[in-house]
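In case you want the letters, here they are:
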Amino acid sequence: MTKAKTAIVTGATSGIGAAISRSLVAQGFNIMMAGRRTEKLEELAAQLGETAKFTATDVSKRDDVLSLVNQANDAFGQVDVLINNAGIMPISLYSSRKVDDWDKMIDVNLKGTLYGIDAVLPQMIERQSGHIINVASIAGLQTGPAFGVYSATKSGVRVLSEGLRQEVAAQNIRVTTISPGTVATELFGTITDPAVLDVLGQGLGYQPM
Ligand SMILES: NC(=O)c1ccc[n+]([C@@H]2O[C@H](COP(=O)([O-])OP(=O)(O)OC[C@H]3O[C@@H](n4cnc5c(N)ncnc54)[C@H](OP(=O)(O)O)[C@@H]3O)[C@@H](O)[C@H]2O)c1
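Here the structure is a predicted model, which means the values were calculated and not measured. (Residues numbered from 1 in each chain as written. Predicted model: local features only at pLDDT ≥ 70, side-chain atom pairs only at ≥ 80, totals over all residues. Heavy atoms only, no water.)

S.K.: What is the right way to read the layout of surface pockets from this model?
M.R.: Space left empty within the atom packing is revealed by a probe, the size of a water molecule, rolled over the atoms. Looking at the largest pocket, its volume works out to about 900 Å³. In terms of lining, the largest pocket is formed by 41 residues, of which the most central are Asn85, Ala86, Gly87, Ile88 and Leu187. Residue assignment for the lining of the largest pocket shows that the elements contributing at least two residues are α1 (15-26), β2 (30-35), α4 (99-127) and α5 (148-168). A total of four residues in the lining of the largest pocket trace back to one element, the largest contributor, which is α4. Taken together, the residues that form the lining of the largest pocket break down as 17 nonpolar, 16 polar and eight charged. Of the voids in this model, the second largest pocket is the one considered here, and its volume is about 180 Å³. Around the second largest pocket, the lining residues are Lys5, Leu24, Asp80, Val81, Ile83, Arg127, Ser129, Gly130, His131, Ile133, Asn172 and Arg174. Broken down by secondary-structure element, the contributors of at least two residues to the lining of the second largest pocket are β4 (81-84) and β5 (130-135). Among the elements that line the lining of the second largest pocket, the one with the most residues is β5, at three residues. (1 Å grid on protein atoms, 1.4 Å probe; cavity = no way out; pocket = protein on both sides within 12 Å on 5 of 7 lines; lining within 4 Å. Points joined across faces, edges and corners; volume = space filled by probe spheres on them. Helix = DSSP H or I, 4+ residues; strand = E, 2+ residues; numbered from the N terminus. Nonpolar A, V, L, I, M, F, W, Y, C, P; charged D, E, K, R; others polar.)

S.K.: Just checking my understanding: could you explain the site of the ligand for this structure?
M.R.: If you check the shell around the ligand, you find 30 residues, and the closest are Thr13, Ile16, Arg36, Tyr150 and Thr185. Contacts to the ligand include Gly11, whose backbone N or O atom sits 3.0 Å from an oxygen atom. Here an oxygen atom of the ligand sits 2.7 Å away from a polar atom, N or O, in the side chain of Arg36. Contact with the protein chains covers 97% of the free accessible surface of the ligand, which is 870 Å². More than half of the atoms belonging to the ligand lie within 2 Å of the grid points that define the largest pocket. Elements with a minimum of two residues in the shell around the ligand: α1 and α5. Among the residues making up the shell around the ligand, the classes are represented as 13 nonpolar, twelve polar and five charged. (Near = heavy atom within 4 Å. Polar contact = N/O pair within 3.5 Å; in protein donor to acceptor, adjacent residues only side chain to side chain. Areas by Shrake-Rupley, 256 points an atom, 1.4 Å probe, with all protein chains shown as cover. Sits in = over half its atoms within 2 Å of the grid points.)

Put into C-alpha cells, the structure is as follows:
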C-alpha cells in the first residue's frame, strides 16, 4: 500500500477550501486545514475523520504560516501539497478610499500566498518533490469598476506562481494556478463599501468574478 500524501489547505473554513478538503479526504489524503474560525474547522474535521486536522492560522502572519507547516509535519511527517486558497474580496470604488481593505487584500491574498510558498518550499526542494497550488481568480485576468485592487492581488498571485513554476520545474516541484470563475460562497461577505453593497442589493451588476 502506498503511503497517504499530505496536503495543507488554507481557507478551509468555508466555500472552495472546505470543498477541496472534503474531496482530498475522500481521495485518501491526510489534510491540515487552516483558517481563523476554528469552531468551523473543528466541525469540519469531526465530519472528515482522523486524517483531517486543523490549525488556527491567519495567513497574513508569517509566524502563523510557519507554525501551520510545522504542525502538518508533526502530525503527518511531511507536506506533499500546499493549496494556497485563503482569500478575501472586499472590493470597493477607489473614490470610497477603503485603504484598509486594500491593505487587507494585499496581506491575505498576496503576502499570505507568499508566506505559504516560503514555508513549504525548503522541504520540497530537499525531497525534489511536491505540488504548490495557488488559487487566483478570473478577476486576475480581467477587471472592472470596484475590482481594481482585488484584481491586482489575483493577477499578482498568477504571476508570482508562474515565476515559481519556472524556477522549480527542474526540481520536480509542480506549481499550478487556478483561476476560478463565479462560485457561490461567503466571499461577498467581506465587502464593506456601501457604494458596492448598494449596487449589489439592487441586483444591478458587480457579478462575482
Ligand atoms: N467565490 C468565487 O466566486 C471566487 C472566484 C474566483 C476566485 N475565488 C478565490 O477562491 C478562494 C476561496 O474563496 P471562497 O470563494 O471559497 O470564499 P470564502 O467562502 O469566503 O472562503 C475564504 C476562506 O479564506 C479564509 N481566510 C480569509 N482570510 C484569512 C486569513 N487572514 N487567514 C487565513 N484564512 C483566511 C476564510 O477562513 P476564515 O475566515 O476562517 O479565516 C475562508 O475559509 C479565495 O482566494 C477567492 O479569492 C473565489
